[in-house]
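# Survey of secondary and tertiary structure
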Amino acid sequence: MTTAGGSLASSPHSPTETSDSQAHPHSFSSSFASDRTSQLPRSQTLLPTIPVAAETATMTTSPRTILFVTGNANKLKEVRAILLSSTQHTENANPAATPSFSVESQDLDVPEVQGTTEEVAKAKCKAAAEIVGGPCITEDTALAFEALGGLPGPYIKYFLKAVGLEGLNNMLAGFPSKRATAICTFAYSAGPGTEPLIFEGRTEGKIVQARGPTHFGWDPVFEPDEGEGKTYAEMDGVAKNKISHRYRALDKLRKYLLE
Ligand SMILES: O=P(O)(O)OP(=O)(O)OP(=O)(O)OC[C@H]1O[C@@H](n2cnc3c(O)ncnc32)[C@H](O)[C@@H]1O
Ligand SMILES: [Mg+2]
């Protein structure tokens, strides 16, 4: 049950038990995967888990689960597609020797504070780690208008809800610059009480009159410079995921987790 923004119907938000294992900051251990996911009511898992093979042959063969705290089904879909695609493009991949990441998700009511994209992302991830009692990732998406000194930025969700796609255009009517930057910020927490790490990806473009399907947020009004004249909404998923703010941030996070 998704909205144009990708939100899912809310589910029960019961905190899970605190895990004894404070994992190595880089690892989502297989024990974490099975322990943590078995503690999650199935109603809190948004979509079925899709294993995603990692590319490093030196790692263990146990699948590792990343817990992505988000209420946005479109984000989850793109994250899984990007991870899967980066695996498929790995040269000399040896399936027998490769472990896998799988992405589980949980929709929690986490406060989203005001501040810079980084401050908002860190606070959300810290709160999510406290609630789940273990490692997790969160993601914040911002849309920064050059003419407005970076606003709406991390508040784009509320602007979009308040004024719609047409309103986002109208906000820039009196300004010569329609330039905008899509910013994705993944935050990774190793567990409660630890400082989240930040992985940011940016894609430059401009705000245009809405074109294309309206499935996902502000996709119809953002025309990336690398999109050959198409808006995100007009591009197919594979093309968007090659140049998107989310792809760029996730690539950094993936490399960090495989270090
Ligand atoms: O539970 P979380 O992960 O916070 O999910 P959310 O939908 O609340 O997401 P944000 O707080 O990051 O708000 C970002 C807004 O931008 C929208 N959005 C996110 N990624 C997008 C993308 O790649 N293209 C278009 N719109 C996007 C999203 O639907 C929200 O309206
Ligand atoms: Mg949100």
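Residues numbered from 1 in each chain as written. Chains lettered and ligands numbered in written order. Predicted model: local features only at pLDDT ≥ 70, side-chain atom pairs only at ≥ 80, totals over all residues. Heavy atoms only, no water.

How we decide: UniProt positions are given in the numbering used here, feature names are shortened, and annotations may be inferred rather than shown by experiment.
The name an unreviewed UniProt entry assigns to the chain is Inosine triphosphate pyrophosphatase, from the organism Rhodotorula toruloides. Regarding the chain, the relevant UniProt record gives this comment under Subunit (unreviewed entry): "Homodimer." The Sequence similarities (unreviewed entry) comment attached to the chain in UniProt states, word for word, "Belongs to the HAM1 NTPase family."

## Side note on the overall build of the chain
What counts, and what does not: Secondary structure elements are taken from DSSP: a helix is a run of H or I of four residues or more, a strand is a run of E of two residues or more, and numbering for both begins at the N terminus. By definition in these notes, contact holds between two residues if any of their heavy atoms fall within 4.5 Å. Surface exposure here means Shrake-Rupley accessible area, sampled with a 1.4 Å probe, where a residue is shielded only by the protein chains that are shown.
For the chain, the count of helices and strands is 6 helices and 8 strands. Reading the chain from its N terminus to its C terminus gives the helix and strand order α-β-β-α-β-α-β-β-α-β-β-β-α-α. Long-range pairs, those at least 24 residues apart, make up 70% of the contacts in the chain with a sequence separation of at least 6. For the chain, the exposed surface amounts to about 11900 Å²; the carbon and sulfur share of it is 55%.

## Here's the deal with the packing of aromatic side chains
Applicable threshold: We call Phe, Tyr and Trp rings a pair once their centres come within 6.5 Å, taking the six-membered ring for Trp, and we label the pair stacked below 30 degrees between planes, edge-to-face above 60, and tilted otherwise. Exposure categories follow from relative accessible area, calculated using a 1.4 Å probe and restricted to protein chains: below 20% of the type maximum is buried, above 50% is exposed, and the middle band is partly exposed. Both a distance and an angle decide whether a charge sits over a ring: NZ of Lys or CZ of Arg must be within 6 Å of the ring centre and within 35 degrees of the ring normal.
The tally for this structure, following the rule as stated, stands at 6 aromatic pairs. Consider the rings of Phe-68 and Phe-186, whose centres lie 5.9 Å apart with planes at 50 degrees: the pair is tilted. A residue pair is termed long-range when its members are at least 10 positions apart, and Phe-68 in strand E2 (residues 64-69) and Phe-186 in strand E6 (residues 179-189) qualify at 118 residues. Each of the two residues, Phe-68 as well as Phe-186, counts as buried. Ring geometry for Trp-218 against Phe-222: centres 5.7 Å apart, planes inclined by 80 degrees, an arrangement best described as edge-to-face. Both residues of the pair, Trp-218 and Phe-222, belong to the buried class. Each member of the aromatic cluster is reached from another via a ring pair, and the members are Tyr-188, Phe-199 and Tyr-256. The cationic tip of Lys-240 hangs over the ring face of Tyr-232; the distance from NZ or CZ to the ring centre is 4.8 Å.

## A few points about the nonpolar core
Grouped burial of nonpolar side chains is what soluble globular proteins tend to show. For clarity, the cut-off: Buried Ala, Val, Leu, Ile, Met, Phe, Trp, Tyr and Cys residues that are joined via side-chain atoms within 4.5 Å together make up what is termed a nonpolar core.
Within the largest apolar cluster, 20 residues are counted, with the highest numbers of intra-cluster contacts made by Phe-68, Val-79, Ile-137, Phe-186, Tyr-188, Leu-250 and Leu-253. When residues of this core are traced back to their parent elements, those giving at least two are E2, helix H2 (73-88), strand E3 (100-106), E6 and helix H6 (245-258). A total of 6 residues in this core trace back to one element, the largest contributor, which is H6. Phe-145, Leu-168, Ala-182 and Tyr-232 belong to the second largest nonpolar core, which has 16 residues in total.

## Overview of the environment of Phe-216
The residue Phe-216 is located in the loop between strand E7 (197-207) and strand E8 (222-224) in this model. Considering only alpha carbons, one finds Phe-216 and Ala-73, 143 residues apart in sequence, at a separation of 9.5 Å.

## Details of the side chain of Ser-102
Rules: Contacts described as polar in this section are N or O atom pairs within 3.5 Å, which, within protein, must combine one atom able to donate a hydrogen with one able to accept it, while residues neighboring in sequence count only if both atoms come from side chains.
Along the polypeptide, Ser-102 turns up in strand E3. Reaching out from Ser-102, the side chain makes a polar contact with the side chain of Thr-65 at a distance of 3.2 Å.

## Section: unusual backbone geometry
Along the chain, Leu-151 connects to Pro-152 via a cis peptide bond; the corresponding omega equals 0 degrees. With respect to the helices and strands, the residue Pro-152 is situated in strand E5 (residues 152-153). Here the phi dihedral of Glu-228 falls at roughly 55 degrees; this positive angle occurs in a residue that is not glycine. Checked against the element boundaries, Glu-228 lands in the loop between E8 and helix H5 (237-243). A residue is classified by how much of its surface remains accessible, and Glu-228, at 77% relative accessible area, is exposed.

## Structural notes on the site of ligand 1
Definition in use: To be near a molecule or strand, a residue needs just one of its heavy atoms within 4 Å of it. Lys, Arg, Asp and Glu make up the charged group, whereas Ala, Val, Leu, Ile, Met, Phe, Trp, Tyr, Cys and Pro make up the nonpolar group; the residues left over, Gly among them, are polar.
Around ligand 1, the structure places 19 residues, and the nearest of them are Thr-70, Gly-71, Lys-124, Lys-157 and Asp-219. His-245 is positioned such that a nitrogen or oxygen atom in its side chain is 3.2 Å from an oxygen atom of ligand 1. Computed on the free molecule, ligand 1 has an accessible area of 610 Å², of which 95% lies beneath the protein chains in the complex. Of all the elements in the fold, those that place two or more residues in the shell around ligand 1 are strand E4 (136-145), helix H4 (156-171) and H6. Considering each element in turn, the shell around ligand 1 owes the most residues, 3 residues, to E4. Each residue belonging to the shell around ligand 1 can be placed in one class, and the counts come to 3 nonpolar, 7 polar and 9 charged.

## Overview of helix H3 (residues 117-132)
As a reminder of what qualifies: The span expected for a helix works out to 1.5 Å for each residue beyond the first.
Spanning 16 residues, H3 covers 22 Å between terminal C-alpha atoms, matching the ideal 22 Å at 1.5 Å per step. For H3, the set of buried residues is Thr-117, Val-120, Ala-121, Lys-124, Cys-125, Ala-127, Ala-128, Ala-129 and Val-132. Gly-133 sits one or two residues past H3 and shows a positive phi near 70 degrees.

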